[in-house]
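# Inside the fold
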Amino acid sequence: MTYHVGLIHYTNVAPLTDRLEFPEGVQFVSGVPTAMNAALLDGRVDLANISVFEFIRHADHLAALHDFSVAVLGAVYSVNLFHVKPWEELSDVKIALTSQSATSVELLRVLLQKSGIDAHLIRAEGTALELLSQGYDGVLRIGDSALREWYEVVGPISEDVSMLDLPHTGRGVIVTDLAQKWYELTGHPFVFAVWAHRKDNPPPRDLQLAMRNARRWGVGHLGEISQAHASKLGLPWRVVQHYLWNFRYHLEPPDRAGLKVFADLASPGHAELTFS
Ligand SMILES: C=C(O[C@@H]1C=C(C(=O)O)C=C[C@H]1O)C(=O)O
């Protein structure tokens, strides 16, 4: 019987998937997070990296692999709120939300609530600069387009700028990195995605081994992967390499602690989280 895998196709998954050789009998599809969430929930795929918020919401029947994540401690660069007015002045304004995201939308809700800000969150498609010019005061973007749009706003970044001092404003636009804001608020890493499956349908062992082998190759070849993806993204490779090495792909204890804090804030009363 074929085992179906769903993969989010953002660049931040490349170190896990660029050299992934699926064992016989495994097929995969790829797409944006909300598409992979739906594919897992309605049974079209058996294992998928999905928005962590959907894992939390469906914790009664989903389990997550205990050693895979897309997480960061501090800035992520690709989950951004673009805005012109300062963060503190976003009360009552209109914020456009991307339909690709489940987790980042909830993260934004939690962060606004913690700041005592009550904004109007509305689903709308378009780039950050387009939507800002159409009367939205904030635009949430995620994934590769968020990374590109961040660079479009703040770049070009000269070689003498330290990767620790990357800018967050430009062209009159402020780019609030939601993972950085989460870190400032909680001191925890933020887990964006986990690899989830229905509790009664765990992945075959050879698939898990292939995934670990692919990751071992990936984290050892970030320079090569960054160069390959930088040209597709149209970004300097040193920026893409910094972006990629910044991720935490192993769902380590600090990531799980951050995940639990987010789960309790975003979905109080959620079922216990299970890891396989
Ligand atoms: C880090 C990112 O996180 C992604 C954000 C997701 C969401 O908001 O639902 C889901 C999966 C993650 O891979 C990103 O978008 O770049």
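Residues numbered from 1 in each chain as written. Predicted model: local features only at pLDDT ≥ 70, side-chain atom pairs only at ≥ 80, totals over all residues. Heavy atoms only, no water.

Applying the stated criterion across every chain yields a total of 11 salt bridges. The partner of R198 in a salt bridge is D46, and the shortest N-O contact between them spans 3.3 Å. Highlighted residues: R198 in strand β11 (residues 190-198) and D46 in the loop between α2 (33-41) and β3 (47-51), separated in sequence by 152 residues. On the basis of relative accessibility, which here comes to 12%, the residue D46 falls in the buried class. Of the charged contacts, one joins D264 and K260 as a salt bridge, the two residues approaching to 3.0 Å between their closest N and O atoms. Residue D264 and its partner K260 are both found in helix α11 (residues 253-266); the two are separated by 4 residues, about one turn of the helix. By relative accessible area, which is 41% here, K260 ends up partly exposed. (Salt bridge = Lys/Arg side-chain N within 4 Å of Asp/Glu carboxyl O. Helix = DSSP H or I, 4+ residues; strand = E, 2+ residues; numbered from the N terminus. Buried < 20%, exposed > 50% of the residue type's maximum accessible area, 1.4 Å probe, protein only.)

Across its 12 residues, helix α4 (residues 103-114) extends 16 Å between first and last C-alpha, which sits within 8% of the 16 Å expected from 1.5 Å per residue. For α4, the buried fraction is high: 9 of the 12 residues fall into the buried class. Turning to α4, its buried residues are T103, S104, V105, E106, L107, L108, V110, L111 and L112. Of the residues one or two after α4, G116 is the one with positive phi, at around 70°. (Expected span 1.5 Å × (residues − 1).)

Moving on to the sheet that holds strand β1 (residues 3-8). Strand order in the open sheet formed by 5 strands is β2-β1-β3-β11-β4, with mixed pairing between adjacent strands. Pairing within the sheet leaves two strands with one partner each, and these edge strands are β2 (26-31) and β4 (62-72). Recorded for the sheet is a direction-independent mean angle of 30° between the axes of neighbouring strands. Inspection of the sheet shows β3 paired to β11 by 5 bridges, in the antiparallel sense. Counterpart to A48 in the pairing with β11 is A196. Strand contacts of helix α8 (residues 205-220): β1, β2, β3, β4 and β11, with the helix running at about 5° to β4, the strand carrying the most contacts. (Pairing = 2+ DSSP bridges. Axes fitted to C-alpha atoms, helices over the stretch in contact; angles between N-to-C directions. Contact = heavy atoms within 4.5 Å.)

For helix α10 (residues 237-245), the complete set of buried residues consists of V239, V240, H242, Y243 and L244. For α10, the elements touching its buried residues are α1 (14-17), α6 (143-154) and α9 (222-233).

Attention now goes to the site of the ligand. Lining the immediate environment of the ligand, one finds 17 residues, of which S51, S78, S101, A102 and S104 sit closest. One of the side-chain N or O atoms of S78 is found 2.6 Å from an oxygen atom in the ligand. Here S104 contributes a side-chain N or O atom positioned 2.6 Å from an oxygen atom of the ligand. Relative to its unbound accessible surface of 380 Å², the ligand loses 100% to contact with the protein. Broken down by secondary-structure element, the contributors of at least two residues to the shell around the ligand are α4 and β11. Here the residues of the shell around the ligand sort into 10 nonpolar, 7 polar and no charged. Among the domains, domain 1 (3-71 + 189-266) and domain 2 (79-186) are the pair contributing at least three residues each to the shell around the ligand. (Near = heavy atom within 4 Å. Polar contact = N/O pair within 3.5 Å; in protein donor to acceptor, adjacent residues only side chain to side chain. Areas by Shrake-Rupley, 256 points an atom, 1.4 Å probe, with all protein chains shown as cover. Nonpolar A, V, L, I, M, F, W, Y, C, P; charged D, E, K, R; others polar. Domains from an automatic or database assignment.)

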